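# Report on the structure
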Amino acid sequence: MKSQRLQRLQKQSDRVKKETIDTSADPGLCISPAETLPTSSPLAITLMMGCGFAGLGLRYLVREHATDDAIQFLIPWYAFARDHGIAALAEPFTNYTPVYSYLLLIAARFDWLGQPLSLVKMISAIFELGCAIVVAQMVWRATKIPLRACLAFCAVWLAPTVIFNGALWGQADSIWTFFTLVALALFMRDRNGIAPFAMSFSVKAQGVFLGPFVLGMILRRRIHLAWLATVPGIYLVLAVPVLVAGRSLASVFAVYLDQAHTFNRLTMNAANIWVLAGAMPYAMGVAIGMVLAATSGLALSILIARSQRTGPEFILLAACVSLMLMPYLLPKMHERYFYAFELASIALACLNPRYLPFAVIAQVDGVLSYLVFESGIVLGVLPAALCNSLLVYYLVLDLWRGERGFRFPRLAWLGFIASTAGLFSYLVFEGPGWDISPVYLLATGLVTAAALRLLTDSQRTPISGQEAGTPGVAEALST
């Protein structure tokens, strides 16, 4: 009888542990989901609905904003799909994979709803909403805290880089990122996410940025390597309609090869290492970049496979490193290719406030990069590249060491906000051009130094609870 009673008590204790979740970087501060649901749900729902309508309104206001890419490519692609219907599938009328052609055909069915560009942007908006929902679900499943999940949804739906990418430019990065996030969400639930990863790659080649993470999870969980066959397999299955329509097999499988030869520059406004090595010859830079990315990706896969850390936060952190490291090291990258990292870092920040500076700095760097194509303001790429270098260093360091300390350094945040505002003001005032003045160098140095100070101060172990700021932030996010 006594042993049975002890067993029942042990089972009850295990059940309580499973229902208790970590709410902050401080392992000692935990909260039960049942304690947060009644008081947090109404506020979370209200905030989510408000942000949802605000995002829709913002997208409506900029629906007619057209870039050169939209005029030269997106609108003619849509018009071709609308005018030719299903017969358009026989022609490579876009330089994207067949999936995007299918989406254009679907959008063309609603041609009566608005202008062509608005309907193209609607495709992006639908997947942006999907990204926001997936990120919110990630946070909810990991924390069971409604307010954190709501903040994750709002942060993604209203993120400046998301607005730039889809609402202003009509780009398709939300599509492949959606499937990337779905793959990541499955891995965080100890499930196999290779199929949505393959789907991401079938939409755009940038889906491969998650490749080192996926390989690491395959080795870590001893998933059969045959699962990698789903990558070309899903691409082939999705290509069946265009092949049946009469398009050649060579043109379908040469999409990514053709894209690789479109531009001959080491960086297409991406704030990565090639901004700092712009004088290197093109051919040499491409070779070095490919080797560097492959070597670093393999090292990351091995690190993930051998790490003793577990849990959703570790999985998400490892994925963020992969999504950041690849576009940072690879040549020929566009400014848009950090998109998946920018959204994944928001989820990571909602899981652990330690990573809030990473998500904020990623947005600032993204906007600085987008301004090059949007307004011709090229001088923002250098400070963005320097700050991205700091993000890469500290992300890899965190993954390697497994540190969890967190502070909320008010002075460091004020310094970063003030220096960033000063840099943006200077860039807008100066406008397009390459005028590297002492004021610009000072502003760049201040932003980089402020970002470094913010990252280092945020990750120091708190000396005492309220003085360090940890409980205040944790309590705010757990209600």
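Up top is the structure.
To start, this report covers the structure provided alongside it. Treat the numbers as computed from the prediction; the structure is a model and nothing was measured.

### A word on helix H17 (residues 356–375)
- Between its terminal C-alpha atoms H17 stretches 28 Å, which fits the 28 Å expected from 20 residues at 1.5 Å a residue.
- Most of H17 is tucked away, with 15 of its 20 residues classed as buried.
- Of the residues one or two after H17, Gly376 is the one with positive phi, at around 75°.

### Points about the packing of aromatic side chains
- Evaluation of the coordinates by the stated rule reveals 22 aromatic pairs.
- Taken together, a centroid distance of 5.2 Å and an interplanar angle of 65° make the contact between Phe201 and Tyr256 edge-to-face. With a gap of 55 residues between them, Phe201 in helix H9 (residues 194–203) and Tyr256 in helix H13 (residues 255–260) connect regions that are remote in the sequence.
- Using a relative accessible area of 18% as the deciding quantity, one classes Tyr256 as buried.
- Ring centres of Phe408 and Trp413 lie 6.0 Å apart, and the angle between their planes is 25°; this geometry places the pair in the stacked category.
- Residue classification places Trp413 among the buried positions, given a relative accessible area of 10%.
- Stacked on the ring of Tyr60, the Lys or Arg Arg63 has its end atom at 3.9 Å from the ring centre.

### A few points about the environment of Ala87
- Topologically, Ala87 is positioned in the loop between helix H3 (68–84) and helix H4 (98–108).
- Distance in space between the C-alpha atoms of Ala87 and Val242 is 9.3 Å, their sequence separation being 155 residues.

### So, the packing of helix H8 (residues 173–188) against H9
- In contact at an axis separation of 8 Å, H8 and H9 are set at 165° when each is read in the N-to-C sense. By the angle between their axes, H8 is roughly antiparallel relative to H9. In terms of crossing hand, the pair formed by H8 and H9 is left-handed. Taken together, the residues of H9 that come into contact with H8 (itself represented by Ile175, Trp176, Phe179, Thr180, Val182, Ala183, Leu186 and Phe187) are Ile194, Pro196, Phe197, Met199, Ser200 and Val203.
- Grouping the constituent residues of the contact of H8 with H9 by class yields twelve nonpolar, two polar and no charged.

### Considering the layout of surface pockets
- The space that makes up the largest pocket amounts to roughly 1,000 Å³.
- Listing elements by their share of the lining of the largest pocket, those giving two or more residues are H3, H13, helix H14 (282–306) and strand E4 (333–334).
- Its residues placed into classes, the lining of the largest pocket shows 22 nonpolar, seven polar and six charged.

### Remarks on empty space enclosed by the protein
- Enumeration over the complete set of coordinates arrives at two cavities of 30 Å³ or more.
- Reported here for the largest cavity is a volume of approximately 60 Å³.
- As for the largest cavity, its lining consists of Ala271, Met324, Phe338, Phe341, Glu342, Ala362, Asp365, Gly366, Ser369 and Asn388.
- Taken together, the elements giving at least two residues each to the lining of the largest cavity come down to helix H16 (339–351) and H17.

### So, helix H19 (residues 410–430)
- Helix length check: H19 (21 residues) gives 30 Å between terminal C-alpha atoms against 30 Å at 1.5 Å per residue, within 8%.
- Of all the residues in H19, the buried ones are Ala412, Trp413, Phe416, Ser419, Thr420, Leu423, Tyr426 and Leu427. End-on, the buried residues of H19 take up no more than an arc of 165°, which puts them together on one face. Exposed side chains of H19 directed beyond 90 degrees from the buried face belong to Arg410, Leu411, Leu414, Ile417, Ala418, Val428 and Phe429.
- Contact partners of the buried residues in H19: H17, helix H18 (381–401) and helix H20 (438–458).
- Of the residues trailing H19, Gly431 is marked for its positive phi of about 75°.

### A look at the side chain of Lys121
- For Lys121, the position within the fold is in helix H5 (residues 116–143).
- Buried and unpaired, Lys121 has Glu374 as its nearest opposite-charge partner, separated by 8.7 Å.
- Side-chain polar atoms of Lys121 contact the backbone oxygen of His65, separated by 2.6 Å.
- If near-sequence neighbours (up to four positions away) are discounted, Lys121 is found in contact with Val62, Arg63, Glu64, His65, Gly166, Ala167, Leu168 and Gly170.

Calculation rules
Residues numbered from 1 in each chain as written. Predicted model: local features only at pLDDT ≥ 70, side-chain atom pairs only at ≥ 80, totals over all residues. Heavy atoms only, no water. Helix = DSSP H or I, 4+ residues; strand = E, 2+ residues; numbered from the N terminus. Expected span 1.5 Å × (residues − 1). Buried < 20%, exposed > 50% of the residue type's maximum accessible area, 1.4 Å probe, protein only. Phe/Tyr/Trp six-rings, centres within 6.5 Å; stacked < 30°, edge-to-face > 60°. Lys NZ or Arg CZ within 6 Å of the ring centre and 35° of its normal. Axes fitted to C-alpha atoms, helices over the stretch in contact; angles between N-to-C directions. Parallel < 35°, antiparallel > 145°, perpendicular 65-115°, else oblique. Left-handed = near helix turned anticlockwise from the far one by under 90°. Contact = heavy atoms within 4.5 Å. Nonpolar A, V, L, I, M, F, W, Y, C, P; charged D, E, K, R; others polar. 1 Å grid on protein atoms, 1.4 Å probe; cavity = no way out; pocket = protein on both sides within 12 Å on 5 of 7 lines; lining within 4 Å. Points joined across faces, edges and corners; volume = space filled by probe spheres on them. Arc of directions from axis to C-beta. Lys, Arg positive; Asp, Glu negative; His and termini not counted. Salt bridge = Lys/Arg side-chain N within 4 Å of Asp/Glu carboxyl O. Polar contact = N/O pair within 3.5 Å; in protein donor to acceptor, adjacent residues only side chain to side chain.

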